[in-house]
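Here is what each chain is made of, one letter per residue.
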Amino acid sequence: MNTQVKKTRQYSFANILVEFLGSMNLAITVLVGIAFASTIGTVLQQNQPYQDYLIKFGPFWHDIFISMGLYDIYGVWWFVALLFFLLLSTSVCVIRNAPRMLRDMRNFRANAGRNSLRAFHNNAQWQIQSDRDGLIKNITSHLQDEGYQIRSKDHEDHTMIAAMRGGVNRMGYIFTHLAIVVVCVGSVIMYNMPLKYAIFSGDVKIETDNTLPASKVSAQSILKSDNPSYRGSVSISEGQNANIVFLNVEDGFLIQELPFDIELKDFRIEHYDSGQPKSFESDLVIHDDELDEPLAATISVNHPLIYKGNAIYQASFNDGGSKLSLRAWPLNDPKLKTLDIEGSIFGNVDVKVDDTPYTIELIDFRKFNINPIESEGASKKFKNFGPNFTFKLRDSQGQAREYENYMSPIEQEGRLFMLSGVRSSVAEPFRYLYIPADTQGSVKRFMDFIAAMQDKQNVHKVVSQTVEDMLAGLTSEKRLEISGGMNNTTRNLVELFATGGMTALNEHIQKNIPVDQQQKATATYFDILRKTLGNLYLGILEQEGINISEGVSKSDSDFFDDALTVFGNINAYGAPFYLEMKDFEHIQASGLQIARAPGKEIIVFGCVMLIIGIFIMFYIQQRRCWVWVGNKSESGVEIIFAGSCNRNERDFAQDFTKLKQRLAHRLGLGEDNGNH
Amino acid sequence: MSGTSDYEINKPFLKTLSAYDWIFAALVMAGSFYAWNGYASFMDVYDVGILFGTGISMVALGWYWKQSRTMMLSVAAISIYAVTQYEPAVMALKAEGMDGRQAIAALSDWQNKEQGKFIFKYFLSSATAVGWMCFLFGLATVTYFFNLFVKSEFPGQVATKMTWFAVAMGLVGLLVRWRESYLIHFDVGHIPVSNLYEVFVLFSIITALIYLFYEMRYKTRALGGFVLLVISAAVAFLLWYKFDKNADEIAPLVPALKSYWMKIHVPANFIGYGCFALSAMVGVVFLLRNNAPEGGFAARILPPLDMLDDIMYKSIALGFAWFTIATVLGALWAAEAWGGYWSWDPKETWALIVWLNYAAWLHMRLTKGWRGAPMAWWSIIGLFITLFAFLGVNMFLSGLHSYGEL
């Protein structure tokens, strides 16, 4: 019971401010704010390129979100301010309460009065006929056996034995809240306030052109190696070195110089049988003038290298400039003159097709492509589709389409196809052309077919033959009458189809045929076209040396149908050639993340303190009891025994009853001796 | 905790231990040493630390909570038996040309009439053991509720036993699964806490254990049905997930999960989740009791409000302590794997929100003395927040934690 008189406070500004900062209400408000803002950051993907947001939300919302700083919500000024207030609030709380708590740990409250003890919820009152000193000794030693610490005080008319155990409970409060302060301080150190300020004030400028190579970045965006804390990433190709990392900041980046040079000797990725990555590791060599000889080390996921306070982590991997041997198959050349090209990823190749210049920008190469395939039953099955490469084809106007071509044919429905994907913008998914593969697993037969379709002389011959076959049942006069026109039309159809696919065909029909006859015309035209192309195809099979006298095999016939499907769509492909990958030399690049985090030990210390504090607070209870021993009188010695606990009254009530019984027993009291 | 008579002060703890306690401890430590001896070459220093730490924790748990000793020893015995029987059978099939996965499927497929030893097919392969766990939990839920309506204590005792058996079967299932993963292929082997299916089994086991502990402590079975409702929901989910999406297939670990941290971060999290789930259900009972007419049926069969309030507090406190440990372990793991303690990844952020939520709950109770129905409501809402952090993040948001996708 606190009987001290409170000093009248002077309500100065400082006092009010401290009250406010240390108040629970502020803390709760700040925490709710942090929780709410954090939630937003989980639903709205953070730190994406601004372009993506603009596409997703449109200009109106995009501007609002930018101004609120929602794209980097954990780094925006008001969020940092919230964290800062949390730090301040907790610190003030600890500063204000810690002295009181520490005092409380040592304060036995030996001044409790008789009447107040009698009013305790947990109490007992006894009258014992016994030697007073002996009683006091007994009580004291019993309570000590029970784990209590004792403070005795003699007064005129009574002796007060004040006991306490579990005082360390109060430390639990101090530990937990101090831990939060410690963790915040450690985070700030890691967070690198000086750098944030330098960016804010303009001393350091963020480079926003993400395509700029490191050598061209201006000095204002380069940080020297004396920067105490950072986390950045760099991708090093096999056989190459790096002495910088890139820090992602807001919508751009900064370059951080490293005090040493990292060389990637080898990168290895191991796969499970299913093709999923099992592990990846890098063999690094650190070159540093301060070293006697270069330091070689292997890092892998979960096993970083710590060098001079810099932790080097194996984070990811990508292509490091693989060398590709390509062959371009022209799609509009009756002579099918192919072009062999050598290139490497990240490089460009200029080509000319019919005197029209194009640039092939080689973007990526992937050796393993694990894709889901149609699964029987419920399980998702994955298959390795083999290597593929991605490139952009840019015309002289600067417009580009992106392509993804696989190296080997994929099986679908029992047939083999070469996949070639195309898209006009990064936001779209790839749409694939399924080029049927021939018996050798190559695109040659298909390309021969396309070339044959464009060989006007050959087409002329085949059309005549086909038309003649179709009109065979008619009289010779009829034949003469129709065949000319039919020949012309059919040649026309073949040409339309070869250059524009089904789209061109449909357009032609819609332009030139009256509406009510369009359906019939489409059917007829397609029939003739199919027969003509069929004969053309037979010619190709013969060229390959296949015997068609008995008829065409099912796989060859399927090939024809599949080829027609592709022809029908080929005008959407948008490229004058199909780029086949004949060979590759795989050069990998290892994605490293390098961090220097000076606040690390502080944070770990804070976390440990937090955990210890929590367990102390919950599981070591501070209990007090008092024994008021009156002076000896006729009726004996009056003893008032009371107890209290600062937390769990329910448990303590039970424990106090047992404690009472044991003490009573120790003092020689029977069941009936004044137990209240 | 009690001396030999009411009047004697607590003896020093070690003196209170019985012969069984010491035999139990000896067996556990012997097992730990045996494992260490056999597998030390595959373990790094942290794995060894975790191995012996687990052994010591098991001894501590068994000494503190006497009922758990028999369960732990039984689970060990059954699992060891299953594994020793499994191994030669699998090896024999592999010698015939089957690969590991096929061999295990052949032995444990209870739909396949021919192949497979009876004991695996119907009891001890991990899939069937987990199946028994599910069945027993469902049955126990019903039995606990039934117990509320009858005077006899017998149904309640049966329900308690069923829950213990369910826990044992679940643990056997996980332990045998651990071995199965290595039998498939050495590369595939890992502790079974790595995907959503496995952790749902873990969740069911841990929540049930926490419940059984409080059942003993507070000497009431009235809460059994309610807490087991959550476990039954988890069981229903994992059965659907297994049968509809084949989620119980053992898959090798992605590189980022290959770490000793997984062995401690994940289970610690689930002690937290289990406590929060239990507390929410107790909150439900609190509200039922609170709104029940005095002297009515509900008031008679449900425990008193102050007891319910106490259980809610104790379980949230325990859950909060373990959740803190789990989150700290997660941060330390992240620092080792990705180079940063805290990257505001959605899973991390939601873990923080769960933590803040229960910290607030505890603050309101301890500092402002809040009690009663609002706290019960808050405890229930807390479960939903926890569920979102546990499942919702994986399902609806993207981030580094997408290993647990559906």
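Residues numbered from 1 in each chain as written. Chains lettered and ligands numbered in written order. Predicted model: local features only at pLDDT ≥ 70, side-chain atom pairs only at ≥ 80, totals over all residues. Heavy atoms only, no water.

Notes on the sheet that holds strand β23 (residues 577–585) of chain A
All names here are of chain A. Taken together, the 3 strands give an open sheet; going across it, the order is β13-β12-β23, and neighbouring strands pair in antiparallel fashion. Edge positions in the open sheet fall to β13 (339–344) and β23, since each of these has one partner strand only. Taking each pair of neighbouring strands and ignoring which way they run, the sheet shows an average axis angle of 25 degrees. When strand β12 (residues 323–330) meets β23, the two strands line up antiparallel, connected through 8 bridges. Counterpart to L326 in the pairing with β23 is M581. (Pairing = 2+ DSSP bridges. Helix = DSSP H or I, 4+ residues; strand = E, 2+ residues; numbered from the N terminus. Axes fitted to C-alpha atoms, helices over the stretch in contact; angles between N-to-C directions.)

Here we look at the interface of chain B and chain A
The interface of chain B with chain A comprises 55 residues on the first partner and 49 residues on the second. At the boundary of chain B with chain A, total buried surface from both sides reaches about 4,600 Å², with 64% on carbon and sulfur atoms. A salt bridge links B:K314 to A:D651; the shortest N-O distance between them is 2.6 Å. Applying the counting criterion to the chain B and chain A interface returns 9 residue pairs in polar contact (both at pLDDT 80 or more). Of all the secondary-structure elements, those providing two or more residues to the side of chain B that touches chain A are α12 (305–338) and α13 (346–366) of chain B. Its residues assigned to classes, the side of chain B that touches chain A comprises 34 nonpolar, 10 polar and 11 charged. (Contact = heavy atoms within 4.5 Å. Buried area = accessible area lost by both parts, 1.4 Å probe. Salt bridge = Lys/Arg side-chain N within 4 Å of Asp/Glu carboxyl O. Polar contact = N/O pair within 3.5 Å; in protein donor to acceptor, adjacent residues only side chain to side chain. Nonpolar A, V, L, I, M, F, W, Y, C, P; charged D, E, K, R; others polar.)

A look at the pattern of salt bridges
Taken as a whole and assessed by the stated rule, the structure comprises 42 salt bridges over all chains. Among the ionic pairs, A:D561 bridges to A:R530, the shortest N-O distance being 2.9 Å. Here A:R530 lies in helix α12 (residues 518–544) and A:D561 lies in helix α13 (residues 554–569), a separation of 31 residues in the sequence. With a closest N to O distance of 2.2 Å, B:D309 and B:R365 form a salt bridge. In this pair, B:D309 is assigned in helix α12 and B:R365 in helix α13, connecting sequence segments 56 residues apart. Per residue, the accessibility class of B:D309 equals that of B:R365, and both read buried. A single network of salt bridges, built from pairs that share partners, joins A:R650, A:D651, B:D306, B:D310 and B:K314. (Buried < 20%, exposed > 50% of the residue type's maximum accessible area, 1.4 Å probe, protein only.)

Considering the packing of aromatic side chains
All names here are of chain B. What the rule picks out here adds up to 71 aromatic pairs over all chains. Plain terms: the ring middles of Y273 and F390 are 4.9 Å apart, the flat faces sit at 25 degrees to each other, and that makes the pair stacked. Highlighted residues: Y273 in helix α10 (residues 261–290) and F390 in helix α14 (residues 373–396), separated in sequence by 117 residues. With respect to class, Y273 is no different from F390; both count as buried. Feature note: the residues F200, F203, F237, W240, Y241, F270, Y273, F276, F323, Y358 and F390 constitute an aromatic cluster, connected by ring pairs. Just above the ring of F243 sits the side chain of K242; from NZ or CZ to the centre is 5.4 Å. (Phe/Tyr/Trp six-rings, centres within 6.5 Å; stacked < 30°, edge-to-face > 60°. Lys NZ or Arg CZ within 6 Å of the ring centre and 35° of its normal.)

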